[in-house]
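Structural characterization, general
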Amino acid sequence: MDTNQVGNLFEQIKAFVQKNKVAAISIVVAVIAVGGGYNFYQSQPKSVATAVNVEFSGYDGYGQLEYDSQEINVEIQRVAYRSVGFNKNQVEDLINRDPLILAEISASSSLNSKYKKANAIISSVSYNFDKTSELSNGDTVTLSISPKSSKSPIKKETKKFKVEGLEKTETISTKALLEEYPVTFIGFNNYGKIKLPTDKDGNQLFTISDTKENYKNGETVRLDVAQSYISGLEKEGKKLESSEIEVEVKDLKEISDISNITEALTKNDSYAKSKYENSDYATYTLEKQSDHISYNVASYSDAASGQIYLVSIYKISKQGKYDNSVQYAYYGYRYYVNTDNSLDLETSNKVYGYETQDLEKLRAELETEGYKEYKASSDK
């Protein structure tokens, strides 16, 4: 285009503007308005919640929320990098950690300043869900996005998600649980022990709420189901009717069913007397105060037999050449129980306690060790 043509074109434009002043001014105003509106939009905090997609898995009541945190992290980075002045290509390169853009930033003070500001923006934004587990269909989960700075280009916002698609949960009754894992009682009435079942891995399924040492038929025992077992059921889409279970003590044999208990008690007398033989320096008189019995369960093997501990407390009066005294002590034996409910007298082991002048203290210590006073008439 030569000089004359350029001049002609300029004259044409000039003539158009003079002829259409109102239209030209309107176009300029519109351009300014659009540019100002764009700048205003760019200055407003941007939403990043739209980048979050969630999924729900598991069973109704025990559902889990899952999401890709990388998605929201990338969106936060994208907004931060754009807000400090990086162009579109630079933003994507920074998100992908392109080594060339990082080298350029390192070599340029102006780019490095932008980069530091963008990283400050990124680190100042936190986000979290109010609940991510134990979800039920119909629940509402809220995502909160919270920038720490009021000048952050990231918008402070919340986004709600409705829980749906979780599988139906199966309820297991306490009756069914006890049928699969029965609780049993072994030993003798008034001296019984509880035997708790274990799962296939040998873990205890129940814990006992009380600290009772001896049980009798007809009593009720409250058990708590182990949390580890409950958690395992939840992963399978199952839940218990109740985490607390009551069981009745039953099937305990009577002490009177032990055919040779009287003979065993006689052995206690012989044992005690053998410890206090008269001599030229002292004469001893032994008087039985009470009999005590305990049933202990072997902890090392389910197949091992329990043992009866049968002891007697004696008052030992000493008349000595140089002194007189009164002491109390217990002597007895522990026995394995035969299949016919008799005590195995041949393999018995001795049991004894120290001498003391405090009879009640001695009785209290036996009770603490799980002994219960035995009176033949009360068990017949």
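Look above for the structure.
Overview of the structure. (Residues numbered from 1 in each chain as written. Predicted model: local features only at pLDDT ≥ 70, side-chain atom pairs only at ≥ 80, totals over all residues. Heavy atoms only, no water.)

1. As for the packing of aromatic side chains
Put simply, the test is: By convention, a stacked pair of Phe, Tyr or Trp rings (six-membered ring in the case of Trp) has centres within 6.5 Å and planes under 30 degrees apart, an edge-to-face pair has planes over 60 apart, and any other such pair is tilted. In this description a helix means any DSSP run of H or I spanning at least four residues, a strand means any run of E spanning at least two, and both kinds are numbered starting from the N terminus. Here the term buried applies to any residue with accessible area under 20% of the maximum for its type, exposed to any over 50%, and partly exposed to those in between, with areas from a 1.4 Å probe on protein chains only. The criterion is that NZ of a Lys, or CZ of an Arg, lies within 6 Å of the ring centre and within 35 degrees of the ring normal, and then a charge sits over that ring.
Under the defined criterion, the tally for this structure stands at 13 aromatic pairs. An angle of 50° between the planes, with centres 6.1 Å apart, marks the rings of F129 and F161 as tilted. In this pair, F129 sits in strand β3 (residues 125-129) while F161 sits in strand β5 (residues 157-162), placing the two residues 32 residues apart along the sequence. F161 gets classed as buried once you look at its relative accessible area, which sits at 11%. When the ring of F185 is compared with that of Y215, the centres are 5.9 Å apart and the planes differ by 65°; the resulting orientation is edge-to-face. Taken together, the residues F185 in strand β7 (residues 184-186) and Y215 in the loop between β9 (206-208) and β10 (220-225) connect sequence positions 30 residues apart. The exposure class assigned to F185 is buried, which follows from its relative accessible area of 8%. The ring of F188 carries the charged tip of K253 above its face, separated from the ring centre by 5.3 Å. Between the NZ or CZ atom of K267 and the centre of the ring of Y333, over which it lies, the distance is 4.2 Å.

2. Quick look at the sheet that holds strand β4 (residues 140-147)
Keep this limit in mind: Strands qualify as paired when DSSP identifies two bridges or more between them. What counts as an axis is a line fitted to C-alpha atoms, over the stretch in contact for a helix, and the angles between N-to-C directions run from 0 to 180 degrees. Contacts are assigned to residue pairs that have any heavy atoms within 4.5 Å of one another.
With respect to topology, three strands assemble into an open sheet ordered β3-β4-β5, the strand pairing being antiparallel. With partners counted over all chains shown, the strands left at the sheet margins are β3 and β5, one partner each. Averaged over all adjacent pairs, the angle separating strand axes in this sheet is 15°, with direction ignored. Pairing geometry for β3 and β4, over five bridges, is antiparallel. Across the sheet, residue S126 finds its bridge partner in β4, namely S146. Taken strand by strand, helix α3 (residues 69-83) contacts β3 and β4, and its axis lies near 155° from that of β3.

Everything listed here is a matter of geometry and, on its own, says nothing about what the molecule does.
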